[in-house]
Amino acid sequence: MSLCKICNNDLETVISFGEMPISNRFVSDLTEDEFLYDLSIGFCPECFMVQLEECVDPAMMFNEDYAYFSSISKAMEDHFEEMASEIIDIVSEKPSPFVLELGCNDGIMLKHVAAHGIPHLGIEPSANVAASARQKGVHVLEDFFNATSASEIKNRYGQADVICGANVMCHIEDINSVFQGVSVLLKPEGVFFFEDPYLADIIKKASFDQIYDEHVYYFSGLAVSELAKRHGLQLVNMVPQEVHGGSMRYYLSKGSENRVTKNIGALLAVEKGLNLHSLKGYVSFKKRVDSISSDFKNTLLKIRAEGKRIAAYGATSKSTTFLIYSKVGVDLIDYVSDTTPTKIGKYTPGTHIPVKSHEHFILDNPPYTVLLAWNHKREILEKEKEYREKGGKFITFFPEVTIE
Ligand code: SAH
Ligand code: TYD
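Cut-offs applied
Residues numbered from 1 in each chain as written. Chains lettered and ligands numbered in written order. Predicted model: local features only at pLDDT ≥ 70, side-chain atom pairs only at ≥ 80, totals over all residues. Heavy atoms only, no water. Buried < 20%, exposed > 50% of the residue type's maximum accessible area, 1.4 Å probe, protein only. Helix = DSSP H or I, 4+ residues; strand = E, 2+ residues; numbered from the N terminus. Pairing = 2+ DSSP bridges. Domains from an automatic or database assignment. Contact = heavy atoms within 4.5 Å. Buried area = accessible area lost by both parts, 1.4 Å probe. Near = heavy atom within 4 Å. Polar contact = N/O pair within 3.5 Å; in protein donor to acceptor, adjacent residues only side chain to side chain. Areas by Shrake-Rupley, 256 points an atom, 1.4 Å probe, with all protein chains shown as cover. Nonpolar A, V, L, I, M, F, W, Y, C, P; charged D, E, K, R; others polar. Phe/Tyr/Trp six-rings, centres within 6.5 Å; stacked < 30°, edge-to-face > 60°. Salt bridge = Lys/Arg side-chain N within 4 Å of Asp/Glu carboxyl O.

Side chains of strand β4 (residues 99–102) alternate between two faces, with Val99 and Glu101 and Leu100 and Leu102 buried alike. The pairing of β4 with strand β7 (residues 160–166) spans 4 bridges and is parallel. Paired with Leu102 across the strands is Gly165, a residue of β7.

Here we take up the domain arrangement of the chain. Domains assigned within the chain are domain 1 (70–282) and domain 2 (286–403). Taking only C-alpha atoms into account, the centre of domain 1 sits 30 Å from that of domain 2. Listed as interface residues are 18 residues of domain 1 and, on the opposing side, 19 residues of domain 2. Taken over both partners, the interface formed by domain 1 and domain 2 buries close to 1600 Å², and the fraction arising from carbon and sulfur atoms is 60%.

Take the site of ligand 2 next. In the region of ligand 2, 21 residues are neighbours, and Ser317, Lys318, Asp338, Lys343 and Lys383 sit closest. Between ligand 2 and the protein, one listed contact pairs an oxygen atom with a side-chain N or O atom of Asp338 at 2.7 Å. Within the contact set of ligand 2, an oxygen atom lies 3.4 Å away from a side-chain nitrogen or oxygen of Thr340. Surface burial for ligand 2 is 97%, taken as the share of its 560 Å² of free accessible area covered by protein chains. Counting residues per element, the shell around ligand 2 draws most heavily on helix α13 (residues 377–383), which supplies 3 residues. For the shell around ligand 2, a count of residues per class yields 7 nonpolar, 9 polar and 5 charged. Each of domain 1 (70–282) and domain 2 (286–403) accounts for three or more of the residues forming the shell around ligand 2.

Neighbouring ligand 1 are 18 residues, the closest being Ser70, Glu124, Ser126, Ala166 and Asn167. Glu124 is positioned with one of its side-chain polar atoms (N or O) 2.5 Å from an oxygen atom of ligand 1. Within the contact set of ligand 1, a nitrogen atom lies 2.8 Å away from a backbone nitrogen or oxygen of Ala166. Relative to its unbound accessible area of 570 Å², ligand 1 is 98% covered by the protein chains. Of the residues belonging to the shell around ligand 1, the class tally is 11 nonpolar, 6 polar and 1 charged.

A few words on the packing of aromatic side chains. Enumeration according to the criterion identifies 26 aromatic pairs in this entry. Ring centres of Phe397 and Phe398 lie 5.0 Å apart, and the angle between their planes is 85°; this geometry places the pair in the edge-to-face category. Phe397 gets classed as buried once you look at its relative accessible area, which sits at 1%.

Below, the discussion takes up the pattern of salt bridges. Any two side chains of opposite charge can pair if their charged atoms end up close together. Here the structure, examined in full by the defined rule, presents 16 salt bridges. The salt bridge involving Arg309 is made with Asp334; its shortest N-O contact spans 3.6 Å. Here Asp334 lies in the loop between α11 (319–325) and β13 (336–337) and Arg309 lies in the loop between α10 (285–305) and β12 (310–313), a separation of 25 residues in the sequence. Overall, the relative accessible area of 32% leaves Arg309 in the partly exposed class. The exposure class of Asp334 is partly exposed, given its relative accessible area of 26%. One salt-bridge network, in which partners are shared between bridges, spans Arg304, Arg309, Asp334 and Asp364.

Below you can see the structure in the form of structure tokens.
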């Protein structure tokens, strides 16, 4: 039995997917063995955190070969520009502002803060994306954020008015150390906010592709509130976000009851209605996951039986779990189209489907395309209007398999 990484209590297993490769490690050489680990998530009945039972060494995931560049989508660019304006507003009246972002990746957000001449620092362990951020004028410390690096940052730069992170808090196994670091680095009146894929959305849609090596935690407001209390922080606001198939932004501050917003009560009540604080909330999850994955495979088998070809769109890290668990590989999907230069020419982890350029997809014009990057659906359907007008069909799968 695994133990909760936050409070050391026994975890109750929610679902096991079996052996998986590293989801963002695209394969160049098919003769090389891939590293595998056992993917399963558990629920802690004590502090309500849903989490991976077995974690992968962060240095194996976040390094100079990190495949995910945040600036791959116009919608994400817009999202982070909005986040930057909120931060710029928060610090505009501060006498000596300082903004800190954990996991700044290629500088998609901090480049706006930098352009306003605001003192800032991005903490980013993956050298390739950190270099891309620097090219955009962003100050980057190439390191993992934790209590130790936080003390070093404090000694060198002082405390921050804003500490933020998007799609990074859920990546860090030693989250107690991260929260300790934030407590040390945040000014007494400072704001700490972060956003990650939202557990309630994952449970409601059975979007199990969100479960993979990098996602150690699946946050709910109930669990974040408990975690914050352990570190002298308070959850004061929650704001739902559309990105990544449904995310939640959590705002935390140092104490002061009166900053708690009205949103909190309503959103936590919805979470309690879904039983996210009890094992009851997770009992039907596996059944729904199994039903989607078998429907998905059967749909592809039917299309292939009609003699039609199938491609996929978006070589996402999340599709690693989805494809492997659904037992769908090169036998059913010819290739995955992706715009990320470092992914093109390689193969998807575990399933070894070739990653090809978007130009290839346009020329090939496959009759069916699995939309693996379903979280970017609006942007992609808009971009691929012509493909659809010519008869091309997209296959999506959460909360159910749909062809449109
Ligand atoms: N914030 C960006 C990037 C998310 S990907 C966005 O939302 O698009 C997660 C990023 O966090 C990666 O660039 C990874 O290298 C970085 N990361 C992983 N562990 C980290 C840690 N302990 N401290 C800071 N960054 C970390
Ligand atoms: P994303 O779903 O953001 O993340 P993750 O890897 O965390 O699951 O990844 C989207 C992928 O889809 C990325 O590799 C870029 C690709 N993509 C395209 O090829 N074309 C597009 O129009 C968009 C929006 C994304």
